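Residue-level structure breakdown
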Amino acid sequence: MQKAAATTNEELFSRLHPRLARWFRETYGRFTDAQLRCVPSILQNESILLTSPTGSGKTLAGFLGVFDHLLRELEQGPRSLGV
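Turning our eyes to something else, we now look at unusual backbone geometry. At Asn45, a position not held by glycine, the phi torsion is positive, near 60 degrees. Within the secondary structure, Asn45 sits in the loop between α3 (33-43) and α4 (58-76).

Rendered as structure tokens:
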């Protein structure tokens, strides 16, 4: 199994929707190692398998991808949501 290369905090902040990046920075300050390794793949809709200790940010990493996608869909308006 290939170990994903970690990105930097600033690189990942720049890839997230600006509102989500601002919220994350204000709430947490920085990403965990687990998040730095998997969120870039999640944002590219790639499948990943992440094993990491409890409390390392795995669940939030998965939701960051969902929240990013939803914010971008909402920004595009009702047609992108099938309304």
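The rest of the description comes next.
Next up on the list: the layout of surface pockets. A probe matching the size of a water molecule, rolled over the atoms, marks out where space remains unfilled. For the second largest pocket, the calculated volume is near 160 Å³. Every residue along the wall of the second largest pocket is listed here: Arg15, Ile42, Leu43, Asn45, Gly62, Gly65, Val66, Asp68, His69 and Arg72. Mapped onto the lining of the second largest pocket, the elements with two or more residues apiece are α3 and α4. The greatest single-element share of the lining of the second largest pocket, amounting to 6 residues, is contributed by α4. For the lining of the second largest pocket, the per-class residue count stands at 3 nonpolar, 4 polar and 3 charged.

Turning our attention to the side chain of Ser41. You can see Ser41 is positioned in helix α3. The class of Ser41 is buried, set by a relative accessible area of 14%. If we ignore the near neighbours within four places in the chain, the residues touching Ser41 are Glu46 and Ile48.

The next subject is the environment of Asp33. Inspection of the secondary structure puts Asp33 in helix α3. Look at Asp33 and you get partly exposed, because its relative accessible area is 47%. Here the alpha-carbon distance between Asp33 and Asn9, two residues 24 residues apart in the chain, equals 9.5 Å.

Conventions we followed
Residues numbered from 1 in each chain as written. Predicted model: local features only at pLDDT ≥ 70, side-chain atom pairs only at ≥ 80, totals over all residues. Heavy atoms only, no water. Helix = DSSP H or I, 4+ residues; strand = E, 2+ residues; numbered from the N terminus. 1 Å grid on protein atoms, 1.4 Å probe; cavity = no way out; pocket = protein on both sides within 12 Å on 5 of 7 lines; lining within 4 Å. Points joined across faces, edges and corners; volume = space filled by probe spheres on them. Nonpolar A, V, L, I, M, F, W, Y, C, P; charged D, E, K, R; others polar. Buried < 20%, exposed > 50% of the residue type's maximum accessible area, 1.4 Å probe, protein only. Contact = heavy atoms within 4.5 Å.

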